[in-house]
Amino acid sequence: MVPEAEVQDVLAELQRLRARVPLLSGALAASTDGLVLAHDTPGVEAEGVAALTAAALGVAIRMADATGRGGFRELLVRGEAGYIATYAAGSSAVLTLLAEDRINVGRLHLEGRRSGTRIGELVDAALARAPQSGPGAPVPRTPQQQPGTLPHRTT
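From a predicted model like this one, the values you see are computed outputs, not experimental measurements.

A. Expanded view of the overall build of the protein chain. Across its full length, the protein chain carries three helices and five strands. Mapped in sequence order, the helices and strands of the protein chain form the string α-β-β-α-β-β-β-α. For the protein chain, with 155 residues in total, the buried portion stands at 39%. Of all intrachain contacts in the protein chain linking residues separated by at least 6 positions in sequence, the fraction that spans at least 24 positions is 53%. Carbon and sulfur atoms make up 56% of the accessible area of the protein chain, which amounts to about 8800 Å² in all.

Spelled out as structure tokens, the structure:
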């Protein structure tokens, strides 16, 4: 899906993010359909978190749409021991951050949004450069039909 060079750039962004925000205990970039792109999640099963992120994303998208709040931007879950924050990262990826309970949530959002934007740019650019024609290439679809893309209202 995403070439190895961009995966390494995404991983580097995750590592920079964790260095900037010491109370982050993990960072994961995944496709919107739950496939891990890159992760820095010591002690956490990245594939499971990516799959759960995709499920939560589906509910969040439906909730935002049903309440007229527009397209998905972010989701924050607070547990007894900390936070899980998910941010849109371009048109086909998400950034999920695991944070300790003591984190400054404003800082979490500031840094998460910035990194989500950067990761989205990397992933979207890689997908735009991917070969789309030739024998065996998938049939082009509208943006709403693309697997792994964040849906958005067109009306």
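That was the structure; now back to the text.
B. Just the sheet that holds strand S3 (residues 74-79), in detail. The five strands lie next to each other as S2-S1-S5-S4-S3, forming an open sheet whose pairing is antiparallel. For this open sheet the edge positions go to strand S2 (36-40) and S3, each flanked by a neighbour on one side alone. Taken over all neighbouring pairs, the strand axes of this sheet differ in orientation by 10 degrees on average, direction set aside. Pairing of strand S1 (residues 24-31) with S2 involves four bridges; the strand directions are antiparallel. Counted as the bridge partner of Ala30 is Val36 from S2.

C. Inspection of helix H1 (residues 4-20) at higher detail. The end-to-end C-alpha distance of H1, which contains 17 residues, comes to 24 Å, matching closely the 24 Å that a straight helix rising 1.5 Å per residue would cover. Listing the buried residues of H1 in full gives Glu6, Val7, Val10, Leu11, Glu13, Leu14 and Leu17. Viewed end-on, H1 has its buried residues packed into an arc of 155 degrees, placing them on one side of the element. Residues of H1 that are exposed and point over 90 degrees away from its buried face: Glu4 and Ala19. Tucked inside the fold, the buried residues of H1 contact S1, S2, strand S5 (93-100) and helix H3 (105-129).

D. Local environment of the packing of H1 against H3. Close contact between H1 and H3 brings their axes to 10 Å; oriented N to C, the two are set at 175 degrees. It follows that H1 is roughly antiparallel to H3 by the angle criterion. Along its contact with H1, which presents Glu6, Asp9, Val10, Glu13, Leu14, Leu17 and Arg20, the element H3 presents Arg107, Glu111, Ser115, Arg118, Ile119, Leu122, Val123, Ala126 and Arg129. Of the residues contributing to the contact of H1 with H3, the split by class is seven nonpolar, one polar and eight charged.

E. Seen up close, the confidence of the model for the protein chain. Scored by pLDDT, the protein chain has a mean of 87; 84% of the residues are at 70 or more. No element of the protein chain has a lower mean pLDDT than H1, at 93, and none a higher one than S5, at 98. This stretch, residues 133-148, has a pLDDT under 50; its non-local contacts, to residues over four places away or in other chains, come to 11 contacts.

F. Quick peek at the nonpolar core. Core analysis: the biggest nonpolar cluster contains 26 residues, and Leu24, Leu97, Leu108 and Ile119 have the highest contact counts within it. Within the residue set of this core, elements represented by two or more residues are H1, S1, S2, strand S4 (82-89), S5 and H3. Judged by nonpolar contacts, the second largest core, of 10 residues, contains Leu28, Ala30, Ala50 and Ala60.

Definitions and limits used
- Residues numbered from 1 in each chain as written.
- Predicted model: local features only at pLDDT ≥ 70, side-chain atom pairs only at ≥ 80, totals over all residues.
- Heavy atoms only, no water.
- Helix = DSSP H or I, 4+ residues; strand = E, 2+ residues; numbered from the N terminus.
- Buried < 20%, exposed > 50% of the residue type's maximum accessible area, 1.4 Å probe, protein only.
- Contact = heavy atoms within 4.5 Å.
- Areas by Shrake-Rupley, 256 points an atom, 1.4 Å probe, with all protein chains shown as cover.
- Pairing = 2+ DSSP bridges.
- Axes fitted to C-alpha atoms, helices over the stretch in contact; angles between N-to-C directions.
- Expected span 1.5 Å × (residues − 1).
- Arc of directions from axis to C-beta.
- Parallel < 35°, antiparallel > 145°, perpendicular 65-115°, else oblique.
- Nonpolar A, V, L, I, M, F, W, Y, C, P; charged D, E, K, R; others polar.
- pLDDT = per-residue confidence, 0-100.
- Core = buried A, V, L, I, M, F, W, Y, C linked by side-chain atoms within 4.5 Å.

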